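Below are the chains, spelled out letter by letter.
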Amino acid sequence: MENQMFWLQGDQNIHPILRGRRNADAVVVGGGFAGLNIALWLCRAGLRVILLEAETLGSGASSRCLGKVSLLGGVSYSHLERRHGREVAAAYGISQQNAFTAVRELAAQPGAQCGWLEEDDHLTAMSAEEERLFEEQQAMERAGVAARLERATQSPMPADCTLTMRDMALVHPMRYLRWLVLQGEKLGLKIFEHSRVIAMETNLALTERGSVLAPYIVVATGYPVVNTPGWYFLRLIQKQGWLMPLGGSAPFSGMYGDWHGRYVLRRLGKSMLMQVNGGRVGEKLLFDPAEHYKTHYAPYLDNAPATQLYGGIDTYSADGLPYIGPYGAKTPNMFVACGFGGRGIIG
């Protein structure tokens, strides 16, 4: 099983290691989609921003994702309604639509070359599960997000119905990430790689070789780097997933995933890219992902071979909503952004 980064191929920029003491208006910890988006918007607000990445930019979940940019991400709006009420679900819908628009505008700028490709996104189910899709479609409609329940499906996998969102998109994750870097650096963003934050104080982020003094600290790592305050390690769930480039030609258009969250399938050029999801990190692995693909999915895709396997981890919050806001009640200058549940491109 490979633990390499699928999208990290070709021209990577190299950023220095933080050495010595620096000052900024804000320091962002984490160089994935969340951290770079936050850093860019802080720069746009006129702040002097320093971003610290423990390894290289995008080396975590960002380089092992499907590149899917969509408002359809599993049975979530109906869950939010039941747990938090319609007002929270509607607010979430607005935030998701705003995020999608922001990503689309960034990716469409001249020179971006992010591989933006609009595709329909389909959430599939069997007839016995159609009621779940109907509940989700109704909850999305109440939240102001338009999706369509269809009983005729072009899914390559067994499915009797789909919940479809038109004009969603695919993007090349690392090209988009590099575009965020370029836009941020034009506004003065300073980036340091191989600069793991080992401790944080009220307004100080410390690495092994340096530190940044700043009035504001934003932690945007996949898993928060300090336990207190917040105790996020008790409130987050990490799940395994595997990215599989597939040989052969794609016998479909659009994106498909089942409502159980077991897989997501997309085109990649003329071929295919699939994500197969597993259980929690630390639990016994119930199946071999390569064999699982061959047995359960390959027969429906003309037995297209999985040419490689890239393991990754996604972090989920306890209630389905990302943790975005103050790190803790007693740290008004420290903020957190995590628990995106595999939806880090638009959060």
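Residues numbered from 1 in each chain as written. Predicted model: local features only at pLDDT ≥ 70, side-chain atom pairs only at ≥ 80, totals over all residues. Heavy atoms only, no water.

If you tally the helices and strands in the protein chain, you get six helices and 19 strands. For 347 residues, the compact-globule formula gives about 20 Å, and the C-alpha radius of gyration of the protein chain, at 20 Å, lands near that figure. Dimensions of the protein chain along its principal axes, counting C-alpha atoms only, are 60 × 45 × 45 Å. The burial tally for the protein chain puts 52% of its 347 residues in the buried class. Restricting the contact set of the protein chain to residue pairs at least 6 apart, pairs at least 24 apart contribute 74%. Carbon and sulfur atoms make up 50% of the accessible area of the protein chain, which amounts to about 16,200 Å² in all. Looking at the protein chain, you have 33 positive and 32 negative side-chain charges, and the mean spots of the two groups are 6 Å apart. (Helix = DSSP H or I, 4+ residues; strand = E, 2+ residues; numbered from the N terminus. Rg over C-alpha atoms; globule rule 2.2 N^0.38 Å. Buried < 20%, exposed > 50% of the residue type's maximum accessible area, 1.4 Å probe, protein only. Contact = heavy atoms within 4.5 Å. Areas by Shrake-Rupley, 256 points an atom, 1.4 Å probe, with all protein chains shown as cover. Lys, Arg positive; Asp, Glu negative; His and termini not counted. Charge placed at Lys NZ, Arg CZ, Asp CG, Glu CD.)

What follows concerns the pairing of strand 9 (residues 197-201). In this sheet, strand 10 (residues 204-207) lies alongside strand 9 in antiparallel orientation, the contact comprising four bridges. For E201, the partnering residue across the bridge sits in strand 10 and is L204. Linking two consecutive strands that pair antiparallel, namely strand 9 and strand 10, is a turn of two residues. (Pairing = 2+ DSSP bridges.)

Our focus in this paragraph is the packing of helix 2 (residues 77-84) against helix 3 (residues 86-107). As a packed pair, helix 2 and helix 3 sit with axes 7 Å apart at the nearest point and diverge in direction by 140°. Relative to helix 3, the element helix 2 is oriented oblique. The segment helix 2 lies against helix 3, with Y77, L80, E81 and H84 engaging R86, V88, A89, Y92, G93 and Q96. Of the residues in the contact of helix 2 with helix 3, the class split is five nonpolar, three polar and two charged. (Axes fitted to C-alpha atoms, helices over the stretch in contact; angles between N-to-C directions. Parallel < 35°, antiparallel > 145°, perpendicular 65-115°, else oblique. Nonpolar A, V, L, I, M, F, W, Y, C, P; charged D, E, K, R; others polar.)

On inspection of all chains with the given rule, the structure shows six aromatic pairs. In this structure, R44 packs its charged tip against the face of W41, placed 4.6 Å from the ring centre. Taking the ring centre of Y316 as reference, the NZ or CZ of K239 above it sits at 4.6 Å. (Phe/Tyr/Trp six-rings, centres within 6.5 Å; stacked < 30°, edge-to-face > 60°. Lys NZ or Arg CZ within 6 Å of the ring centre and 35° of its normal.)

On to the sheet that holds strand 18 (residues 323-326). Spatially, 8-3-2-12-19-18 is the arrangement adopted by the six strands of the open sheet, whose pairing is mixed. Strands with a single pairing partner mark the edges of an open sheet, and in this sheet they are strand 8 (190-192) and strand 18. Neighbour to neighbour, the strand axes of the sheet diverge by 15° on average, direction disregarded. Alignment of strand 2 (residues 26-29) against strand 12 (residues 216-219), held across four bridges, turns out to be parallel. Within the sheet, the bridge partner assigned to A26 lies in strand 12 and is Y216.

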